[in-house]
Amino acid sequence: MSENMVDILNDYQDYHEQPRQRTTALSGLTYGRESAIQRGLSKRKIEFSNLQPCRVLCVSWNVNGQHPTEELDTLLSVDDRPADIIAVGFQELDLSPETLILSDSPKEQMWLEKVENGLPKGVKYNKLRHVRLVGIMLVVHVRETLLPHITDIGIGYVSTGIMGMLGNKGGVAIKFNVDMTVISIVNSHLAAHQEFVERRNQDYRDIFTKMRFNNEEHNTLRNSDIVVWCGDLNYRVSNEELTGEQIRSLAEKWEINQLLRYDQLREQRNKRLVFEEFVEDPVTFMPTYKYNPGTDKFDTSEKCRLPAWCDRVLWKSNTIVKCEDYRSHPIHKLSDHKPVSAVLLIQTRVIDKEKKQIVLDEILKDLDRQANDSLPQASINRLELEFDGVKYLEAQELPITIKNTGSDVFEFEFIPKLDDTAICVPWCSVEPQSGVVEPGDFLVLHVTVYIDNNSLKTISGDRKLNEILVLHLVNGKDYFITISGYLVRTTFGKSISELVRITEPVRNQNLLIDVEQDGLEVSEVDLSIPPMFNIPKEIWKIVDYLYKHALYEEELFSTRGSPLDIGAVRDAIDTDTEIRVASVHSVAESLILLLDSFSEPVVPYTAYAHCLEQCTHFTNSKNILRNIDMAHRNVFRYVCSFLREILAYADRNKSNAKILAQIFGDVLLKPQLPEVGPTAKSAYKKRQLFVFQFLTNEYDDS
């Protein structure tokens, strides 16, 4: 353990010997008792509750940016028994460039009204909530008679676009309680294209793990009794064993079962790589994608996309769920997708208040008897974790086992250190963060180190990783888990000024000077020597690859790459070797990540405010850039020149200057301090306008 870590640990332990320890223990007693009451009620809920049937209709439709010209009556009334809860998820609600950069969409209200007009007649419904992330929208209606039973309504969304900037892919969700049953409904649009299976898997994992309701850290999908997940999941029919013609022929002949053997979603679920605990009713309908709009004919366009079951409904539950109906709706023809629906009969728990009070009294008496029995006893198999050679954007995980060696159940939680609000630094995480362990039982905790652009800024110049996790036993002692390691040298996170002076691969440690002098952090590169390059060779390497391989690629910089490929790009530029990847989108995302990672933005902080002030005056904007460091100016010109080259082939790659300005406006220009409220929204638009000028005008120093 380093001396610095020892000092931190000693300071923290000394602090806990102060009177504050008694306050912590007292609050722990209160918290522990409340938690024990909730656990007791949860274990005995059958004694004071009854099951009540509730019908949920979940509909998913990728509407391909079309106006709502078709009525939805048959879609929202699949039989003569109107549902109690009706959830409708749309994808690609609006495909206009303005919507893709997170502005409002007039189609939102059009489709909301169309849903309301299509609700079953003779039953009064109330709109519970709706939530939209660009083209992904979810709206939930409930019977008016059910409304008094609904509490704790929350909404959430997760963008899986590159760095979360574009919301064209991702998920939205609405969460609520029906009496004692917690229901979450998710609508998602995962990564497209036949070969991007792992990207889809990662999108699912990101949505499931990152979804937070009402911005509350502990309000997640995990603490739901039922999760219903619908959307354009984009899983295709694998063409590794079947040719495109064979897939099309089987679909046209209604050979559904034979074709489903090659369904990517089934393959990934069977491998337990995605939707591990979810259930899907047997698919008995034709592929839902891709059709010639207005017809029931599979795609005959130039791209000739293969038939697939992109649109699905799945669910996971710790209560009884029966799927009464799962179908597609080929009568709807306005889109290149057919909508799908599932009717789920779920069982919600209704509380009998008198019986609950009897159970509660018994639990309280039992807790009083146990109060003075003993303190919790635990053993932890390791208190020091060392992560060796952590790479940028490459997670490392180590397990810890905590065992209950006492005679009573105990609860644990990770708590912040002195004067901190978070339990750990941004590059570290632990799951689960809290839990309950029965006597004689054990639980494996997973500590993960992951360095991204946000956490890069928190790592010191010596690249050492040091952290202490505090594991607190409620009503008991604290355990201090030390974490150490180091970050492998990488281009990401360096400054442009450093990179233009490094002639050899960044990962070559022999070329770099010591990073500590007299205990002070200094640059790894001697900045007193003249620059060796006009721009960093790493930027040139990535742009050169894209220029040779991606000028005609659609959705460049809008479609995410694969984590494996991005790691390969990182290694290639860090070691100055050839870039070898499966997808150009991974290289494009790597360029955005690199530009975003620089310790000083491409447009330096000192010029930021001036750029925003002159965001609509091209000549004045050029004058501002003349006064910034030449290496920074060269990078800005080089990137904008390449983007103009992409736009020159817009007829083939469908690129759009507004979208590119939105993406690169947020990585080329950055405020030094966070912007909030109206100021943030105004600055966001001005960054776009500033970059837009340089994408639509030739940029020289004249």
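Not measured: the values here are computed from a predicted model.

Analysis parameters
Residues numbered from 1 in each chain as written. Predicted model: local features only at pLDDT ≥ 70, side-chain atom pairs only at ≥ 80, totals over all residues. Heavy atoms only, no water. Helix = DSSP H or I, 4+ residues; strand = E, 2+ residues; numbered from the N terminus. Rg over C-alpha atoms; globule rule 2.2 N^0.38 Å. Contact = heavy atoms within 4.5 Å. Areas by Shrake-Rupley, 256 points an atom, 1.4 Å probe, with all protein chains shown as cover. Lys, Arg positive; Asp, Glu negative; His and termini not counted. Charge placed at Lys NZ, Arg CZ, Asp CG, Glu CD. Pairing = 2+ DSSP bridges. Axes fitted to C-alpha atoms, helices over the stretch in contact; angles between N-to-C directions. Core = buried A, V, L, I, M, F, W, Y, C linked by side-chain atoms within 4.5 Å. Buried < 20%, exposed > 50% of the residue type's maximum accessible area, 1.4 Å probe, protein only. 1 Å grid on protein atoms, 1.4 Å probe; cavity = no way out; pocket = protein on both sides within 12 Å on 5 of 7 lines; lining within 4 Å. Points joined across faces, edges and corners; volume = space filled by probe spheres on them. Nonpolar A, V, L, I, M, F, W, Y, C, P; charged D, E, K, R; others polar. Parallel < 35°, antiparallel > 145°, perpendicular 65-115°, else oblique. Left-handed = near helix turned anticlockwise from the far one by under 90°. Phe/Tyr/Trp six-rings, centres within 6.5 Å; stacked < 30°, edge-to-face > 60°. Salt bridge = Lys/Arg side-chain N within 4 Å of Asp/Glu carboxyl O.

Novice: Looking at this structure, how should I read the overall build of the chain?
Specialist: A tally of helices and strands in the chain yields 21 helices and 22 strands. Relative to its length of 702 residues, the chain is compact, with a C-alpha radius of gyration of 28 Å against a globular reference of 27 Å. In terms of overall dimensions, the chain has a C-alpha envelope of 80 × 75 × 50 Å along the principal axes. In the chain, of all internal contacts separated by at least 6 residues, the share reaching a separation of at least 24 is 73%. Only carbon and sulfur atoms are counted for the fraction: they give 49% of the accessible area of the chain, which is about 32300 Å². Distance between charge centroids for the chain: 4 Å, based on 80 positive and 103 negative side chains.

Novice: Which parts of the structure should I look at to understand the sheet that holds strand β16 (residues 428–431)?
Specialist: Backbone hydrogen bonds are what pair the strands of a sheet, in a parallel or an antiparallel way. Judged by pairing direction, the sheet is antiparallel, and its 4 strands sit side by side in the order β12-β14-β18-β16 without closing on themselves. One side of each edge strand has no neighbouring strand; the edge strands of this open sheet are β12 (378–380) and β16. Within the sheet, the average angular offset between the axes of one strand and its neighbour, ignoring direction, is 25°. Pairing of β12 with strand β14 (residues 396–404), which is carried by 3 bridges, proceeds in the antiparallel orientation. What sits directly across from Ser379, in β14, is Lys403.

Novice: Before we go on, may I ask you to explain the nonpolar core in this structure?
Specialist: Generally speaking, soluble globular proteins have nonpolar side chains that are buried together. Grouped together as the largest cluster of nonpolar side chains are 101 residues, with contacts concentrated most on Ile451, Leu471, Phe557, Leu595, Phe636 and Phe664. Take this core: its biggest share by element is 9 residues, from helix α18 (residues 630–648). Apart from residues no more than four positions distant in its own chain, Leu471 is found in contact with Ile380, Ile402, Phe412, Glu413, Phe414, Leu445, Lys477, Asp478, Tyr479 and Ile481. Counting 50 residues, the second largest nonpolar core, distinct from the first, contains Ile226, Phe298, Ala308 and Trp309.

Novice: What am I meant to see in the environment of Leu72 here?
Specialist: Tracing the backbone shows Leu72 in the loop between β1 (49–62) and α3 (73–76). Classification of Leu72 as buried rests on a relative accessible area of 1%. When the C-alpha positions of Leu72 and Ile659 are compared, they lie 32 Å apart, and in sequence the two are 587 residues distant. Apart from residues lying up to four places away in sequence, Leu72 is in contact with Trp61, Trp111, Lys114, Val115, Gly118 and His332.

Novice: Even after reading the chapter, I still don't get empty space enclosed by the protein, so can you show me in this structure?
Specialist: One water molecule sets the probe size; rolling that probe over the atoms shows where empty space is left. Here the structure, examined in full by the defined rule, presents 2 cavities of 30 Å³ or more. Computed from the structure, the largest cavity encloses a volume of approximately 80 Å³. Surrounding the largest cavity, Thr160, Gly161, Asn168, Lys169, Ala191, Ala192, Arg199, Asp203, Glu555, Ser558, Thr559 and Arg560 form its lining. Tallied by class, residues from the lining of the largest cavity come to 2 nonpolar, 5 polar and 5 charged. Approximately 50 Å³ is the volume attributed to the second largest cavity.

Novice: Looking at this model, I keep getting lost on the packing of helix α13 (residues 537–549) against helix α15 (residues 584–597). Mind explaining?
Specialist: The description of two packed helices rests on the angle between their axes and on the distance between the axes. In contact at an axis separation of 10 Å, α13 and α15 are set at 150° when each is read in the N-to-C sense. Relative to α15, α13 is oriented roughly antiparallel. Crossing hand, α13 versus α15: left-handed. Listed contacts from α15 to Glu538, Ile539, Ile542, Val543, Tyr545, Leu546 and His549 of α13 are Val584, Val587, Ala588, Ser590, Leu591, Leu594 and Leu595.

Novice: Can you walk me through the layout of surface pockets in this structure?
Specialist: One number sums up the size of the second largest pocket: a volume of about 1200 Å³. Looking at the second largest pocket, it is lined by 40 residues, and the ones nearest its centre are Glu92, His193, Lys303, Glu554 and Glu555. For the lining of the second largest pocket, the secondary structure elements donating two or more residues are α4 (97–100) and α20 (657–668). Tallied by class, residues from the lining of the second largest pocket come to 12 nonpolar, 14 polar and 14 charged.

Novice: Hey, could you run me through the packing of aromatic side chains in this one?
Specialist: Given two aromatic rings, their pairing is described by the distance between the two centres and the angle made by the two planes. With the rule as written, the count across this model stands at 21 aromatic pairs. Where Trp61 meets Trp111, the ring centres are 5.8 Å apart and the plane angle is 80°; that geometry is what we call edge-to-face. A residue pair is termed long-range when its members are at least 10 positions apart, and Trp61 in strand β1 and Trp111 in helix α5 (residues 106–118) qualify at 50 residues. The same class applies to Trp61 and to Trp111, which are both buried. When the centroid spacing of 4.9 Å and the interplanar angle of 75° are considered together, the rings of Phe694 and Tyr699 count as edge-to-face. Each member of the pair, Phe694 together with Tyr699, is buried.

Novice: Looking at this structure, how should I read the sheet that holds strand β6 (residues 170–178)?
Specialist: If you walk across this open sheet you meet the 5 strands as β5-β6-β7-β8-β9, and the pairing is mixed. Strand pairing shows two members of the sheet lacking a second neighbour, β5 (150–159) and β9 (311–317), which therefore form its edges. Strand-to-strand, the axes of this sheet are offset by a mean angle of 15°, without reference to chain direction. Sheet analysis places strand β7 (residues 181–189) next to strand β8 (residues 226–232), joined by 7 bridges and oriented parallel. If you follow Val186 over to β8, its bridge partner there is Trp229.

Novice: Whenever I open this one, the pattern of salt bridges confuses me. Can you help?
Specialist: Close approach of charged atoms lets side chains of opposite charge pair. Under the criterion given, the structure shown has 40 salt bridges. Of the charged contacts, one joins Arg55 and Glu324 as a salt bridge, the two residues approaching to 2.8 Å between their closest N and O atoms. With Arg55 in strand β1 and Glu324 in strand β10 (residues 321–328), this residue pair connects regions lying 269 residues apart in the sequence. You can call Glu324 partly exposed: its relative accessible area is 28%. Linking Glu144 and Lys124 is a salt bridge whose minimum nitrogen-to-oxygen distance equals 3.8 Å. Pair noted here: Glu144 is in the loop between β4 (136–143) and β5 and Lys124 is in the loop between α5 and β3 (125–133), with a separation of 20 residues, a long-range link. Residue Lys124 is classed as exposed on the basis of its relative accessible area of 58%. One continuous salt-bridge network, built from bridges that share partners, spans Lys391, Glu394, Arg507, Arg570, Asp571 and Asp574.

Novice: Honestly, the pairing of strand β2 (residues 85–91) in this entry has me stumped. Any pointers?
Specialist: Burial of β2 is extensive: 7 of the 7 residues sit out of reach of the surface. The alternating pattern of β2 places Ile85, Ala87, Gly89 and Gln91 and Ile86, Val88 and Phe90 on opposite faces, both of which are buried. In this structure, β1 lies alongside β2, joined through 7 bridges in parallel fashion. Counterpart to Leu57 in the pairing with β2 is Ile86. Sheet analysis places β2 next to β4, joined by 6 bridges and oriented antiparallel. Pairing of Ile86 across the sheet is with His141, part of β4.

Novice: Where do I start with the packing of helix α14 (residues 563–575) against α15 in this structure?
Specialist: Where α14 meets α15, the axes come as close as 9 Å, and the angle between the chain directions of the two elements is 60°. The angle between α14 and α15 places the two elements in the oblique class. By crossing handedness, the relation of α14 to α15 is classed as right-handed. Where α14 abuts α15, its residues Asp565, Ile566, Val569 and Ile573 lie against Ser586, Val587, Glu589, Ser590, Leu593 and Leu594. Residues belonging to the contact of α14 with α15 are distributed by class as follows: 6 nonpolar, 2 polar and 2 charged.

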